[in-house]
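Below, each chain spelled out in residue letters.
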Amino acid sequence: MSNIKEVISDKNYELTGFSRCKFGGEFTECNMSGTKFIKDNIDGSWLIESSATGMGLDRVNFSGSCFSSCDFSNVEISSCKLDGMTLNGISALELLEFYKQNHKENNNMNRELRKPVMAGNWKMNKTRPEAVKLVKELAAAVDTEVKCEVIACVPFTDIESAQNAAGVSFIKVGAQNCHFANSGAYTGEISAEMLKEMGVEYVVLGHSERRQYFGEIDETVNKRTKAALSAGLKPIVCVGELLWERECNITEEVVARQIKLDFFNISADEIQNCIIAYEPVWAIGTGKTATEDQAQEVCAYIRSIIAKLYGQNIADGIRILYGGSMNEGNVEKLLAEPDVDGGLVGGASLKPQAFAAMIKAASV
Ligand code: PGA
């Protein structure tokens, strides 16, 4: 902004210095030390009363400035130093601390609304004896009260052995897929009813590896989800964007489309028996975890889509998990986010000590 006159939009104001001037411009890097911003009672516009000198408003330093009755919605503030700054007489740092605390309390409230879930996705790992060993080691490794739901989604061949090993412990045994037909000429497939008959409660559907390697598409995820629900199973439906989709800035479009298609024609009653797992494909098995902010952003967005489709009550009750290189080192931060209700864990669920630590983190 080179010339102050260019941004004076209402010349009716008295122009003494910058006192009572009305500006409609963008101030970048100005030195506004000693400046007061006052909201005009008459038309709500901003008045600037300033002792600043010179015409150049470049290089703003707001130290010593006074902002009263400001509306900062949609303002982005980056790289700021806040110490010494007060808002309505309260230190900005104290406010931030209060916000963090409050955020935690909100999260505790969400925990009351939604029981956290730690689901292990064993993928194509473990023979029956190995499965028995892993389940037993996990049961023994957890030494605190378990306040989350723990599910081990094992290969079909391990289901019965894992169930026996789990016994009456906190570990539930789930499956990793099911077919959409009840029975018939589908060589190599397993139906939802077959799983139900085995006492399985949860089944993972639409995992990105199934989408990537086995031709799974949203239409078939939808059919499988319906079949699982009619058999009385609880689907854990996976959604998530590819790396290039994130880079093209279409993560929201991608997950919204998946949610709408995967849950097409699924009723409000039925969706309450579903869990959604947000798994950014670029984070699965790569060691690259989404940051807690990224995870929160998409999980909250998914919740907002559910709210639009089914109403806020249903959205508030549905559990949304994060998955993708979740481990004992990052679990706490991820679970501290208000819309992240647990994890779908691959690699780390095969390590009893690591998974036990994650169960503990979800049990606070
Ligand atoms: P990961 O897998 O934890 O090994 O990244 C997660 C998943 O595929 O569900």
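Source: prediction; values computed, not measured. (Residues numbered from 1 in each chain as written. Predicted model: local features only at pLDDT ≥ 70, side-chain atom pairs only at ≥ 80, totals over all residues. Heavy atoms only, no water.)

**Q** Quick question: what am I supposed to make of the overall build of the protein chain here?
**A** Along the protein chain, the regular secondary structure elements total 14 helices and 14 strands. A buried classification covers 45% of the 364 residues belonging to the protein chain. Taking as baseline every contact in the protein chain between residues at least 6 positions apart, the subset at least 24 positions apart corresponds to 70%. As presented, the protein chain carries roughly 19500 Å² of accessible surface, and 50% of it is formed by carbon and sulfur atoms. (Helix = DSSP H or I, 4+ residues; strand = E, 2+ residues; numbered from the N terminus. Buried < 20%, exposed > 50% of the residue type's maximum accessible area, 1.4 Å probe, protein only. Contact = heavy atoms within 4.5 Å. Areas by Shrake-Rupley, 256 points an atom, 1.4 Å probe, with all protein chains shown as cover.)

**Q** Would you explain a negative patch on the surface in this entry?
**A** A cluster of acidic side chains, namely Glu-252, Glu-253, Asp-293 and Glu-297, defines a negative patch on the protein surface. Elements with a contribution of two residues or more to the negative patch: α9 (251-262) and α11 (292-310). (Patch = residues over 30% accessible without salt bridge, like charges linked within 9 Å, V, L, I, M, F, W, Y side chains within 5 Å. Salt bridge = Lys/Arg side-chain N within 4 Å of Asp/Glu carboxyl O. Lys, Arg positive; Asp, Glu negative; His and termini not counted. Charge placed at Lys NZ, Arg CZ, Asp CG, Glu CD.)

**Q** Explanation requested: the sheet that holds strand β10 (residues 202-205) in the structure shown.
**A** Backbone-to-backbone hydrogen bonds pair the strands of a sheet. The strands run either parallel or antiparallel. Ordered by their spatial adjacency, 8 strands build an open sheet running β9-β8-β7-β14-β13-β12-β11-β10, and the pairing between neighbours is parallel. Single-partner strands in this sheet number two, and they are β9 (171-174) and β10. The average angle at which neighbouring strand axes cross in this sheet is 25°, direction not considered. Direction of pairing for strand β13 (residues 319-323) relative to strand β14 (residues 342-345): parallel, over a ladder of 2 bridges. In the strand pairing of β14, Gly-323 is matched with Leu-344. Strands in contact with α11 are β11 (234-239), β12 (275-278) and β13; relative to β12, the strand with the most contacts, it is inclined by about 145°. Lying over the sheet, helix α14 (residues 352-361) contacts β7 (117-121), β8 (149-153) and β14, oriented at roughly 160° with respect to β7. (Pairing = 2+ DSSP bridges. Axes fitted to C-alpha atoms, helices over the stretch in contact; angles between N-to-C directions.)

**Q** Is there a simple way to explain empty space enclosed by the protein in this structure?
**A** In this approach, a probe sized like a water molecule rolls over the atoms, and the result shows the empty space that is left. The full count for this structure, using the stated rule, is 1 cavity of 30 Å³ or more. Here the largest cavity defines a volume of roughly 40 Å³. Contributing to the lining of the largest cavity are Gly-206, His-207, Ser-208, Arg-211, Cys-238, Val-239, Gly-240, Gln-258, Glu-279, Val-281 and Ile-284. When residues of the lining of the largest cavity are traced back to their parent elements, those giving at least two are α6 (208-213) and β11. (1 Å grid on protein atoms, 1.4 Å probe; cavity = no way out; pocket = protein on both sides within 12 Å on 5 of 7 lines; lining within 4 Å. Points joined across faces, edges and corners; volume = space filled by probe spheres on them.)

**Q** Would you take a moment to explain the site of the ligand for this structure?
**A** Taken together, 13 residues surround the ligand, and among them Lys-123, His-207, Glu-279, Gly-285 and Ser-325 come closest. Lys-123 places a side-chain nitrogen or oxygen 2.7 Å from an oxygen atom of the ligand. His-207 is positioned such that a nitrogen or oxygen atom in its side chain is 2.7 Å from an oxygen atom of the ligand. Surface burial for the ligand is 95%, taken as the share of its 280 Å² of free accessible area covered by protein chains. (Near = heavy atom within 4 Å. Polar contact = N/O pair within 3.5 Å; in protein donor to acceptor, adjacent residues only side chain to side chain.)

**Q** Which parts of the structure should I look at to understand the environment of Ala-119?
**A** Relative to the helices and strands, Ala-119 resides in strand β7. Using a relative accessible area of 0% as the deciding quantity, one classes Ala-119 as buried. Considering only alpha carbons, one finds Ala-119 and Val-345, 226 residues apart in sequence, at a separation of 6.1 Å. Leave out the neighbours within four places in its chain, and Ala-119 touches Ile-151, Ile-236, Gly-343, Leu-344, Val-345 and Phe-355.

**Q** Where do I start with the side chain of Ser-208 in this structure?
**A** Residue placement: Ser-208 occurs in helix α6. Here Ser-208 is in contact with Val-281 and Ile-284, once residues within four sequence places are set aside.

**Q** Could you clarify how one ought to interpret the nonpolar core in this entry?
**A** Counting residues in hydrophobic clusters, the biggest one holds 70 residues, and the most contacted among them are Met-118, Ile-302 and Ile-306. Counting residues per element, this core draws most heavily on α11, at 8 residues. Setting aside chain neighbours within four positions, we find Ile-302 in contact with Val-239, Val-255, Ile-259, Ile-276, Tyr-278 and Ile-320. Ala-119, Ile-236, Ile-275 and Leu-321 belong to the second largest nonpolar core, which has 12 residues in total. (Core = buried A, V, L, I, M, F, W, Y, C linked by side-chain atoms within 4.5 Å.)

**Q** Sorry if this is basic, but what is going on with the packing of helix α3 (residues 128-141) against α14 here?
**A** A pair of packed helices can be characterised by two numbers: the angle between their axes and the separation between those axes. α14 packs onto α3 with a crossing angle of 45° between their chain directions and a minimal axis gap of 9 Å. Classified by the angle between their axes, α3 and α14 sit oblique to one another. Judged by the twist between their axes, the crossing of α3 over α14 is right-handed. Residues Leu-134, Glu-137, Leu-138 and Ala-141 of α3 form the contact with α14, whose own contacting residues are Pro-352, Gln-353, Phe-355, Ala-356 and Ile-359. Looking at side-chain class alone, the contact of α3 with α14 contains 7 nonpolar, 1 polar and 1 charged residues. (Parallel < 35°, antiparallel > 145°, perpendicular 65-115°, else oblique. Left-handed = near helix turned anticlockwise from the far one by under 90°. Nonpolar A, V, L, I, M, F, W, Y, C, P; charged D, E, K, R; others polar.)

**Q** Explain the packing of aromatic side chains here, please?
**A** Each aromatic ring pair is specified by the distance between its two centres and by the angle formed by the two planes. On inspection of all chains with the given rule, the structure shows 2 aromatic pairs. Between the aromatic rings of Tyr-213 and Phe-214, the centroid separation amounts to 6.4 Å while the plane-to-plane angle is 85°, which identifies the pairing as edge-to-face. Residue class for Phe-214 comes out exposed when judged on its relative accessible area of 53%. The residue whose ring lies beneath Lys-223 is Phe-180, and the NZ or CZ to ring-centre distance is 4.3 Å. (Phe/Tyr/Trp six-rings, centres within 6.5 Å; stacked < 30°, edge-to-face > 60°. Lys NZ or Arg CZ within 6 Å of the ring centre and 35° of its normal.)

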